[in-house]
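Observations on the three-dimensional arrangement
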Amino acid sequence: MFLPTDPASPGPAIPLARWADRQIKAMADAHASPALAALDGATLMGERGANYRISGSISPGLGGSHLMPTRDGGWFALTLIREIDRELLPALFGSADIDVHDWNAIAAAVLRHDCNDLVARGRALGLPVASADEAPVSSPIEVMHRGEQRERPAGHRPLVIDMSAIWAGPLAGHLLWQAGMEVVKVESRSRPDLIRRDDPATFARINQGKASLLVDFASESEKAALVALIRRADVVIESSRPRALRHLGIDAEALVREVPGLVWLSVTGHGASGEAANWVGIGNDCGVAGGLSRAMADVSGEIGYVGDAIADPLTGITAAHEGLAAYRRGFAQRIGLSMSAITALALAQERDHDRTAIDAELGAWGAATGCPFPLVRPRMLQAPVRPLGADTVRYLDAFAQC
């Protein structure tokens, strides 16, 4: 039995932080990186939520994701952080008579439907949704395409093009920067990274030291210049669905096959190939899809969100680990990463490592609704954050002419 934590005391440990710590240490050892060795899993997973409280069935922070009961006894996770997603709710519920800004009205609508039906319809509409009782359909890590090897000169500093957004992909880029790589962050002129505005402190921590490019994806010349830059890169990170990537004028498979040594990391919600490649996933709902909420309910009797968008940092750490290993091997490859499947993998591996400890952590988290997150001191910046688009001309002009 797990007794509630005193709301005035520091919160319980974040489940799977020990798993994350082992991955970081293994990555640091494999690549002889003192900067990576200085990091720890609890900090990377908890620094964003330093002032959060555990909110049970409502995600911590801004509460953009809710876990709600369904008619058939299931639990349905829905994340709403964009206005365009709210506009899809009448189609999700088959009724225009719903206040899309009222979570109570949304929960009442959820209760009139079966969980699997809502998940299937939500994913077809492009909504970030999940069931607490689903199993990931994709492999956590999938090598999708392979290419030729590249011989690099001694002293070569790898170039990383980071086209991802929010947390998982940018965290991977940050860890590659910590490992000594040159990282260039690419943002769209029409849709810059959402957390640049909404969470500037987190944005700064995981994008410090990166050059900043702003690209107009409506401009053929700017897209061509970006592709030319990618052809000179060692690693690419992106988190776009296949149709969106094609719309950007970027053919990941062709580039991996044509550019020797190019490592391409595709960060996805639920998988980079097949039907799942078109499903939208955000850190909180992907954690639910990965089985963490059900695992917590099994040991505590309480269902809710575990950690802060927990699939994001787990995936960011995994992506960096895979990217560094692939870079050292030297062969071009595209690697798909599924946030929900990585969460499930981490849970399974932690259970194998120490079932008693992970059950105790999940039980304590489930009993701690209303309590603060664990005390984690956010890291100080080691390098400046470049102004939006500050390096566009230098990089795009230089590489477009190569």
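Note that the structure is predicted; figures quoted are calculated from it, not measured.

With that settled, the discussion passes to the overall build of the protein chain. On a plain count of helices and strands, the protein chain comes out with 18 helices and 10 strands. Considered along the principal axes of its C-alpha atoms, the protein chain spans approximately 60 × 50 × 35 Å. Counting only residues that meet the buried cut, the protein chain has 56% of its 402 residues in that class. In the protein chain, the proportion of contacts linking residues at least 24 apart, taken out of those at least 6 apart, comes to 78%.

This part takes up the side chain of Asn 207. With respect to the helices and strands, Asn 207 occurs in helix H10 (residues 200-207). Taking relative accessible area as the criterion, Asn 207 reaches 3% and is therefore assigned buried. Side-chain polar atoms of Asn 207 contact the side chain of Lys 210, separated by 3.0 Å. When residues no more than four places from it in sequence are discounted, the contact partners of Asn 207 are Asp 162, Pro 170 and Lys 185.

Contact pair helix H8 (residues 168-178) / helix H16 (residues 311-329): the axes reach a minimum separation of 7 Å and the direction vectors enclose 45°. Taken together, H8 and H16 sit at an angle that is classed as oblique. For the element pair H8 and H16, the recorded crossing hand is right-handed. When H8 is examined against H16, the residues Ala 168, Leu 171, Ala 172, Leu 175 and Leu 176 are found in contact with a partner set consisting of Asp 312, Pro 313, Thr 315, Gly 316, Ile 317, Ala 319, Ala 320 and Leu 324. Its residues assigned to classes, the contact of H8 with H16 shows 10 nonpolar, two polar and one charged.

Once that is clear, we can look at the environment of Tyr 52. On the secondary structure map, Tyr 52 appears in the loop between helix H3 (41-46) and strand E1 (65-69). Residues Tyr 52 and Cys 371 lie 319 residues apart in sequence; the distance between their C-alpha atoms is 8.8 Å.

Moving on, we get to helix H7 (residues 115-125). For H7, the full list of buried residues reads Cys 115, Leu 118, Val 119, Gly 122 and Arg 123. Taken around the axis of H7, the buried residues stretch over an arc of 120°, which confines them to a single face. Counted as exposed and oriented over 90 degrees from the buried face of H7: Asn 116 and Ala 124. Those residues of H7 that are buried are in contact with strand E2 (75-79), helix H5 (89-93), helix H6 (103-110), strand E3 (129-131) and helix H14 (283-289). Immediately beyond the C-terminal end of H7, within one or two residues, lies Gly 126, with a positive phi of roughly 90°.

So, about the pairing of strand E5 (residues 159-162). The two faces of E5 match: Leu 159 and Ile 161 on one face and Val 160 and Asp 162 on the other face are all buried. Bridge count between E5 and strand E6 (residues 182-188): four bridges; the pairing is parallel. If you follow Ile 161 over to E6, its bridge partner there is Val 184. Following the backbone out of E5, through H8 and into the adjacent parallel E6, one traces a crossover that is right-handed. Strand direction decides the pairing type here: E5 and strand E8 (residues 235-238), joined by three bridges, are parallel. The residue bridging Asp 162 from the neighbouring strand is Ile 237, located in E8.

Most of strand E9 (residues 263-268) sits out of view: six of its six residues are buried. In E9, alternate side chains face the same way, and those of Val 263, Leu 265 and Val 267 on one face and Trp 264, Ser 266 and Thr 268 on the other are all buried. Across four bridges, the pairing between E8 and E9 is parallel. Looking across to E9, one finds that Val 236 is bridged to Trp 264. As paired elements, E9 and strand E10 (residues 331-338) share six bridges and run parallel to each other. What sits directly across from Val 267, in E10, is Leu 337.

Moving on: the sheet that holds E1. Pairing within the open sheet is antiparallel, and its three strands lie in the order E1-E2-E3. Across the chains shown, the open sheet's two edge strands, defined by having one partner strand only, are E1 and E3. Adjacent strand axes in the sheet meet at a mean angle of 20° when their direction is disregarded. Sheet contacts for H6: E1 and E2; angle to E1, the most-contacted strand, approximately 40°.

If you walk through the whole model with that rule in mind, you get two aromatic pairs. With a centroid separation of 5.1 Å and 85° between ring planes, the pair formed by Trp 365 and Phe 373 is classed as edge-to-face. Pair check on accessibility: Trp 365 and Phe 373 agree, each one buried. Taken together, the ring pairs connect Tyr 52, Trp 365 and Phe 373 into an aromatic cluster. One cation-aromatic arrangement involves Arg 123 over Trp 279; the distance from NZ or CZ to the ring centre is 4.5 Å.

On to the sheet that holds E5. Strand order in the open sheet formed by seven strands is E4-E10-E9-E8-E5-E6-E7, with mixed pairing between adjacent strands. Each end of this open sheet is capped by a strand with a single partner; those strands are strand E4 (141-149) and strand E7 (211-215). When strand polarity is set aside, the average angle formed by the axes of neighbouring strands in this sheet is 15°. Running over the sheet, helix H11 (residues 220-231) touches E5, E6, E7, E8 and E9 and is turned about 140° from E5.

This paragraph deals with the environment of Asp 312. Following the sequence through the fold, Asp 312 ends up in helix H16. Filtering out sequence-adjacent residues up to four positions away, Asp 312 remains in contact with Trp 167, Ala 168, Gly 283 and Met 339.

Reading the values: rules and limits
Residues numbered from 1 in each chain as written. Predicted model: local features only at pLDDT ≥ 70, side-chain atom pairs only at ≥ 80, totals over all residues. Heavy atoms only, no water. Helix = DSSP H or I, 4+ residues; strand = E, 2+ residues; numbered from the N terminus. Buried < 20%, exposed > 50% of the residue type's maximum accessible area, 1.4 Å probe, protein only. Contact = heavy atoms within 4.5 Å. Polar contact = N/O pair within 3.5 Å; in protein donor to acceptor, adjacent residues only side chain to side chain. Axes fitted to C-alpha atoms, helices over the stretch in contact; angles between N-to-C directions. Parallel < 35°, antiparallel > 145°, perpendicular 65-115°, else oblique. Left-handed = near helix turned anticlockwise from the far one by under 90°. Nonpolar A, V, L, I, M, F, W, Y, C, P; charged D, E, K, R; others polar. Arc of directions from axis to C-beta. Pairing = 2+ DSSP bridges. Right-handed = clockwise from strand over helix to strand, strands pointing away. Phe/Tyr/Trp six-rings, centres within 6.5 Å; stacked < 30°, edge-to-face > 60°. Lys NZ or Arg CZ within 6 Å of the ring centre and 35° of its normal.

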